[in-house]
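Structural overview for review
Read off the chains here:
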Amino acid sequence: MRHWRRCFDTFLILGSLTFGAVPSDSQSLDDPAVLSGVVTDPSGARIARASIHIHSQSLDRDVVTNATGSFAVDVPGDAYTLTAEAPGFRRLTRETRVEPGDHRNLELRLSIDVAAEEISVGPFVGSSDQTGALSFSGSELQMLSDDPAMLRQQLIAMAGGGTGIAAPQFYVDGFSNGQVPPKSAIRAVHLNSNPYSAAYDTPGFGRVEIETQAGGNQLHGMLDVGGTQDAMNSGNPFAEVQPPYYQLLYRGNVSGPMGKTSSYFLAGNSSDLQNNAVVNAVDPAAPDATLSEGVPNPQWDNDYSLRVDHRFSAANQIYGRYEIHHVQQTNAGVGLLVLESAGYTNHSTAQTLQLDDNEIFNSKVVNDTRFQYIRSRLSQNPNSTQAAIIVQGAFSGGGSPTQKLDDNLDQYELQDNLSIEHGQHFIRAGMRYRFNRDSNDSRAGYNGQYIFPDVTSYQAGTPTQFSLTAGQSSAVVSTGDLAVYGDDEWKLAQHFTLKYGLRYETQSATPDHNDPAPRVGFTWAITRKASKMPVMMLRGGSGVFYQRLSAADLLPSVRQNGVNQLAYLVQNPTFYPVVPPPSSLSETEPTIYRVDPRLRTSRTVVSGIVAERMIGRIAKVTANFTDAEGRHQYLMLNANAPLPRTYDPANPASGMRPFGGIGNIYQETAEGTGHAQMFTSNVTLMPKRGVMVYAFYIAQRNHSDANGTSWFTSNSYNIRQDYGRDDSNIAQEGFFGGAFNLPYGVAVQPFIALRSGRPFNITTGSDLNGDTIYNDRPAFATDLSRPSVVRTAYGNFDANPLPSQQIIPYNYGNGPGLFWVDLQTSRDFRVGPRAAMSAASQPGAGPPAKPERPWTLSFSVEAQNLFNHVNPANPVGVLSSPLFGHSLSVATDYSALTAANRTILLHSTFNF
């Protein structure tokens, strides 16, 4: 209860903050002021070459936004009227006032002029082609969750939530490998934008671009306190008994000027999540019974960032950003079939430094130089050092297979991007170099691991496989990748723009060093012949995209190369439960990890077309069809597995192997294929002030025979046997959200998600082909009298297939769907001392209005899974398990608090 007393005391402090104005430094009347800002379209994408007229009683000036859609100009202190215009958009007028020495930064958001007689298809820079994109900024960000874990899950889901080339990629201020910053530090979020630009290494779908806040010329800040506890929530329906739990959230930021030409923005987020991991497994002490319990799984997450912006001149600005993110978790890895003893405690700290220098040479030439350094440190300690015990589909006990781990990862990134406008051409060129160094000390497998195919074997004490790792535990790998690009947006006609470009990539520490990536696209504004009114915007294109291997992908081939670290494997061991010393296994050939010497970089050809239609002045509808053809997709296989039909499971030493002996060669290769087709549509509706609604729908068909660098094929000699629904395949998924300002200052932000079930794989629980990987699938039963036939709700399967029987497809099972409603409701109160009353109004004009109070105190309630709908996770897919076909916990798509099914979060926010 002390946590709730602390929270209540903070609420009282916030309510009492009704005094004290912050004085500002005096400025000379001769000091110039600065007017700056960006011009954006309705989605938040920046508009290059927009015209701005600045007017006051003593000044008239015209400026044009640069290639990043921004402008900056020195002016005397005065009241100004700004008029922004761009072809195809309605004129916008904004009034503002700047005092001498002030720096006023504005966002001028233009609305599309559906009645315009002419339309010009001009490029956007940064997120240049936002058709079909979802964008959130300003009050729209309030539609997203205040819970940092759920915010990340929302962004992943709305970006498509795929894997491989379609996996969500986070870019913070243009840098890759970014962590999602605190919500209070976010200025805007763009999803699924700019699909075919040569400037980017990944296609638009799955791309999450986050822009952080910059400081202003006045002191502003925010402090938010929120949380929940078990008494406010509904429990996890899959857990019979749980320890008490709670969550406390602290968010805040402060921003303001640093002299005349600099500003800062400091933000932080702290989460104290006293969670429970829900275990539902076979009880090792009583294998005929099940174990259902909640295991304390506390997690502390602290994230702080500081951004400083400095203006050398109206044409040269620089910013620096530093972020530190620390996470600590106890009993990590525990849950579902993993018992508490197999868990571990981890500590991770990631520090990020970013520098960005923007140089405007003139209105047509802009250069942007960026540097990023990410320093990540991870430490992991196991709950137990006993041998790991895995009973397929029943439980994972003993010690954690990963054991002690210390990982030091350093990532460097340098970018330079040049934009040039020349006649009907808008040219961009640049480069990016990334260097990753991973120094890793891992004792994974040093405790030994026993695998049992079923509970019966466990009760009899007869494992079918034992593995043990020995030798040097440390390894270092370094890899760098370089990319150079150039593209041109050529306005061939008034209503048609052709986009084409080439990107070239190469990477060290891999066999493939030559990766060209051509890109092409177009934008066509379809107009009515009579009025030339735009009826529809069509955008399409195609391009080649590559998927780079990370340093972590290359580590196993450096560490377990048969010399530095040895991995021993014994079939049908007779020494259970004793873990023998490595010296006694000298006659067993060790397992070797390696990279295929002929490995080609994984690539995907992505093509698609997008249609956009405005409905009056209140709505925008887009439809997007995308086709992705994958080649050289990454996977793992046993290059020395026994040849087909030469292995007898009853005799583990049997089988002819291509490299001789009985040692295994786990090889990282790129022999997989994939094909994905995706249709997306989103609607944005803004019928009146204070009402904003969006909806997003995805239908996809994603098939492949490879699911990444840690995924093993089930048949090393027939990879196509695994061609089936990809792990990320979700047939249909939809989102609905909005923001509604109700009477009496009440605001409501709903978020609704629905999706069809995810596929899951059905396996036998045994190794039928001698490749030492327990992922073999059964066949469709053709003779129900065979003792190996298992009758299930998903069909009748033969767990010991005959050569003539057909193996069931990969991911044959269908999991349950999901229905999720998140609802936030808030109420604002103006607090603080009023400014002095203005002079008396003219006779007959009535009494003057009272000045607005300067600060805001808000109270909000967020209900996650409002209707307490039970969303089961995918069921167990191991045929030999007594839990086959049963879901063991709730789905965690949108909630990090696994102890609860419905969560109620309370917040109090103070803004000044």
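Above: the structure in question.
So, a few notes on the structure that sits alongside this text. Computed from a predicted model, the values in this text were never measured in an experiment. (Residues numbered from 1 in each chain as written. Predicted model: local features only at pLDDT ≥ 70, side-chain atom pairs only at ≥ 80, totals over all residues. Heavy atoms only, no water.)

Turning our eyes to something else, we now look at the sheet that holds strand S7 (residues 103-109). Spatial strand order, S4-S1-S7: three strands in an open sheet with mixed pairing. Lying at the two open borders of the sheet, with one neighbouring strand each, are strand S4 (70-75) and S7. Across this sheet, the average inter-strand angle for adjacent strands is 20°, counted without regard to direction. (Pairing = 2+ DSSP bridges. Helix = DSSP H or I, 4+ residues; strand = E, 2+ residues; numbered from the N terminus. Axes fitted to C-alpha atoms, helices over the stretch in contact; angles between N-to-C directions.)

Turning next to the side chain of His675. By the secondary structure assignment, His675 is in strand S34 (residues 665-685). A distance of 2.8 Å separates the side chain of His675 from the side chain of Asp627, its partner in a polar contact. Aside from chain neighbours lying at most four places away, what touches His675 is Asp627, Ala628, Glu629, Arg701, Asn702, His703 and Tyr723. (Polar contact = N/O pair within 3.5 Å; in protein donor to acceptor, adjacent residues only side chain to side chain. Contact = heavy atoms within 4.5 Å.)

Moving on: the side chain of Ser255. Its place among the elements puts Ser255 in strand S14 (residues 246-257). For Ser255, a relative accessible area of 8% gives the class buried. (Buried < 20%, exposed > 50% of the residue type's maximum accessible area, 1.4 Å probe, protein only.)

A few words now on the pairing of strand S11 (residues 207-212). Each regular strand carries side chains that alternate between the two faces of the sheet. Among the six residues in S11, six count as buried, and that is most of the element. Side chains Arg207, Glu209 and Glu211 of S11 all project onto a buried face; the interleaved residues Val208, Ile210 and Thr212 project onto the opposite face, where all are buried too. Sheet analysis places strand S10 (residues 186-191) next to S11, joined by five bridges and oriented antiparallel. Bridge pairing links His190 to Glu209 in S11.

Moving on, we come to a nonpolar patch on the surface. Taken together, Leu414, Tyr433, Leu482, Val484 and Tyr504 make up a surface patch of nonpolar side chains, about 390 Å² in accessible area. Checked against the element boundaries, Tyr433 lands in strand S23 (residues 425-442). (Patch = residues over 30% accessible without salt bridge, like charges linked within 9 Å, V, L, I, M, F, W, Y side chains within 5 Å. Areas by Shrake-Rupley, 256 points an atom, 1.4 Å probe, with all protein chains shown as cover. Salt bridge = Lys/Arg side-chain N within 4 Å of Asp/Glu carboxyl O.)

Across all of its chains, the model carries 25 aromatic pairs by this definition. For the ring pair Phe797 and Tyr812, a centre distance of 6.0 Å and an interplane angle of 90° mean the geometry is edge-to-face. Within this pair, whereas Phe797 is found in strand S42 (residues 795-798), its partner Tyr812 is found in the loop between S42 and strand S43 (813-814), the two being separated by 15 residues in sequence. Judged by its relative accessible area of 30%, Tyr812 falls in the partly exposed class. (Phe/Tyr/Trp six-rings, centres within 6.5 Å; stacked < 30°, edge-to-face > 60°.)

All right, on to the sheet that holds S42 then. The three strands lie next to each other as S40-S42-S41, forming an open sheet whose pairing is antiparallel. Where the open sheet ends on each side, the last strands, each with one partner, are strand S40 (779-780) and strand S41 (789-792). Here two bridges tie S40 to S42, and the two strands are oriented antiparallel to one another. When the sheet's bridge partners are listed, Ala779 is paired in S42 with Asp798.

Honestly, that's just the spatial picture; any functional story needs more than this.
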